[in-house]
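So you can see what is in the structure, the chains are spelled out below.
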Protein chains: 2
Amino acid sequence: MVVIITGAEEKSAQRRAAGLLARAGIVAPQDELEQIEVADFGLGELEQSGVQILTLVDTEKIAVKVLVLFPYQTEPEHRHPPLGHYPGKEETIRCQWGELYLYTPGEPTAEPLASPPAHRKHTYTVWPEHLLRSGDQVTLQPNAPHWFQGGPEGAVIWGFSTKAVGVADMFTDPDVRRETVVVGE
Amino acid sequence: MVVIITGAEEKSAQRRAAGLLARAGIVAPQDELEQIEVADFGLGELEQSGVQILTLVDTEKIAVKVLVLFPYQTEPEHRHPPLGHYPGKEETIRCQWGELYLYTPGEPTAEPLASPPAHRKHTYTVWPEHLLRSGDQVTLQPNAPHWFQGGPEGAVIWGFSTKAVGVADMFTDPDVRRETVVVGE
């Protein structure tokens, strides 16, 4: 599968994400805002499956990211597996603004608030729900599958974690490609 | 030296810190706000030497804290030394709100903006200045001495770091005691 979004689509998503960051009270210099990563996971349906990522810290030891989700936009189910001596990324998700529906392993929630894109629902396997509003957080252990969706107005969330190794992330949906390729204007 | 603040002083500082957190756009549930640590470093001069700490994440691997400084309040010079196999805390300080004057090793700034309490000035040894406003950040390597002071309105700053081992912190001022003791109402 070839993964393509256009430069115009990327810029538009960056600008929209910057607007939500400002609403959420996250101040970032222009050079950081221009580096916002627009991830469509190679699925070509950014509004449904995707996330916008502002990386604040990314060292050999820790990573701090602010994730912006548009209304009902979903980050597909994935886990952060062990890698050699590294046990995998431990991650705390904290909601700064909006509402987030987060799903982690355990007893499924009977009537979950989120619905992932219908044609991909079979690739979502964990269904216990955490509803996160401003100031709520959940810590995920390494290698625990999880996925999340923004609420009606979207969501701005913090990801505080040990070292991020994006290429190591394992997605349940075999169609996902982590590296978004941006082509043309 | 016996280190004492009263319960009323602690509550008052917590409430004032909670007010600055709200101004800074940091939403935290009531139970977190009630856990804000008021650190006077055993110096008995909280307005001059001290910091208020909201801990969001504190695992075996990472720590995320929001530090609140009142106007011109100073966190005394300290470093996070190695401990056994642990190389010491690596820490990124990012300003969320207000102004922060941060000092780290290197060539001294000729006319620094901050002045630590005059009677303790001899315990401040690093003088290169970083002026941080909303969205500015500096990453400190393990064991690097540093100190900081809030600006005219105070400051609300993030501390993103590897594992925090508070009792291991080394302060330049021999009068500092890290554990604040709260006594009475």
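Residues numbered from 1 in each chain as written. Chains lettered and ligands numbered in written order. Predicted model: local features only at pLDDT ≥ 70, side-chain atom pairs only at ≥ 80, totals over all residues. Heavy atoms only, no water.

**Observations regarding the interface of chain B and chain A**
A common measure of how large an interface is: the accessible area buried when the components associate. Residue-level contacts link 25 residues of chain B with 25 residues of chain A. For the chain B and chain A pair, buried surface summed over both sides reaches about 2000 Å², with 57% attributable to carbon and sulfur atoms. Remark: the boundary between chain B and chain A carries 2 salt bridges. The closest approach of N and O atoms between B:Arg94 and A:Glu32, which form a salt bridge, is 2.9 Å. Breaking the side of chain B that touches chain A down by element, the ones donating at least two residues are β3 (51-58), β4 (62-69), β6 (91-103) and β9 (146-162) of chain B. (Contact = heavy atoms within 4.5 Å. Buried area = accessible area lost by both parts, 1.4 Å probe. Salt bridge = Lys/Arg side-chain N within 4 Å of Asp/Glu carboxyl O. Helix = DSSP H or I, 4+ residues; strand = E, 2+ residues; numbered from the N terminus.)

**Examining the relation of the copies chain B and chain A**
Rotating chain B by 180 degrees about the axis while translating it 0.0 Å along that axis superimposes it on chain A, leaving an RMSD of 0.0 Å. Within this description, the copies of the chain are treated as partners about a two-fold rotation axis. Considering only C-alpha atoms, the part of chain B nearest the rotation axis is B:Gly25, at 2.7 Å. In this assembly, 100% of the residues forming the interface of chain B have copies in chain A that are likewise at the interface, indicating an isologous arrangement. (Least-squares fit on C-alpha atoms with pLDDT ≥ 70 in both.)

**A closer look at the environment of A:Gly135**
Inspection of the secondary structure puts A:Gly135 in the loop between β7 (129-132) and β8 (137-140). Judged by its relative accessible area of 3%, A:Gly135 is buried. Along the backbone, A:Gly135 and A:Ile157 are 22 residues apart, and their C-alpha atoms lie at a distance of 9.6 Å. Those residues within four positions of A:Gly135 in sequence are excluded, and the remaining contacts are A:Arg94, A:Cys95, B:Val27, B:Pro29 and B:Glu32. (Buried < 20%, exposed > 50% of the residue type's maximum accessible area, 1.4 Å probe, protein only.)

**Regarding the pattern of salt bridges**
All names here are of chain A. Going through the model one piece at a time under the given rule, you end up with 18 salt bridges over all chains. Taking the shortest distance from any N to any O, the salt bridge between Asp-173 and Arg-120 comes out at 3.1 Å. Placement of the pair is Asp-173 in the loop between β10 (170-171) and β11 (182-183) and Arg-120 in the loop between β6 (91-103) and β7, with a sequence separation of 53 residues. By relative accessible area, Arg-120 is classed as buried at 10%. Several salt bridges converge on common partners, so that one network encompasses Glu-45, Arg-120, Asp-173 and Asp-175.

**What about helix α1 (residues 7-23) of chain A?**
Residue and element names in this part refer to chain A. An ideal rise of 1.5 Å per residue puts 24 Å on 17 residues; α1 measures up with 25 Å between its terminal C-alpha atoms. Those residues of α1 that fall on the buried side of the exposure criterion are Gly-7, Ala-13, Gln-14, Ala-17, Leu-20 and Leu-21. Buried residues of α1 fall within an arc of 145 degrees about the axis and therefore sit on the same side. Among the exposed residues of α1, those oriented more than 90 degrees off its buried face are Arg-15, Ala-22 and Arg-23. (Expected span 1.5 Å × (residues − 1). Arc of directions from axis to C-beta.)

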